[in-house]
Amino acid sequence: MRDHDHDQDQLLAAALAALLLVGGTLIVRELLGLWPAVAIGMGPILAAYCGPPAARRIVAAAEVRRFRRRLAHHDRTAG
């Protein structure tokens with residue numbers, strides 16, 4: 001019985017989130033125009049979807065850069 005209640009709660013939460021997203025996007029469209037509404041409506045979704053992989057790439061690139069600097073510094077001091 002608890003699984004059924006939990007599933008119903010999740011379904012209700014998903015439906016409310018979709019309604020708020022669509023309603024908010026329509027209100028913003030009327031207030032600010034089409035492209036700001038698209039950016040505001042899709043921004044959080046894209047950030048949640050693309051944010052973690054992008055952050056990992058940025059951190060990895062910074063670490064590689066730091067490692068290369070350390071190697072270059074080591075080569076200058078050793079040679």
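Rules used throughout
- Residues numbered from 1 in each chain as written.
- Predicted model: local features only at pLDDT ≥ 70, side-chain atom pairs only at ≥ 80, totals over all residues.
- Heavy atoms only, no water.
- Patch = residues over 30% accessible without salt bridge, like charges linked within 9 Å, V, L, I, M, F, W, Y side chains within 5 Å.
- Areas by Shrake-Rupley, 256 points an atom, 1.4 Å probe, with all protein chains shown as cover.
- Salt bridge = Lys/Arg side-chain N within 4 Å of Asp/Glu carboxyl O.
- Helix = DSSP H or I, 4+ residues; strand = E, 2+ residues; numbered from the N terminus.
- Buried < 20%, exposed > 50% of the residue type's maximum accessible area, 1.4 Å probe, protein only.

Trainee: Sorry if this is basic, but what is going on with a nonpolar patch on the surface here?
Mentor: Together, Ile27, Leu31, Leu32 and Ile40 make up a nonpolar patch on the protein surface, roughly 440 Å² of accessible area in all. Counting residues per element, the nonpolar patch draws most heavily on helix 1 (residues 2–32), at three residues. Looking at where Ile40 falls in the secondary structure, it is placed in helix 2 (residues 34–78).

Trainee: Help me out: how do you make sense of the pattern of salt bridges in this one?
Mentor: Following the criterion strictly, the structure yields one salt bridge and no others. In this structure, the salt-bridge partner of Glu63 is Arg66, at a minimum N-O distance of 2.9 Å. Of this pair, Glu63 and Arg66 both sit in helix 2, three residues apart, roughly one helical turn. Judged by its relative accessible area of 40%, Glu63 is partly exposed. The exposure class of Arg66 is partly exposed, given its relative accessible area of 44%.

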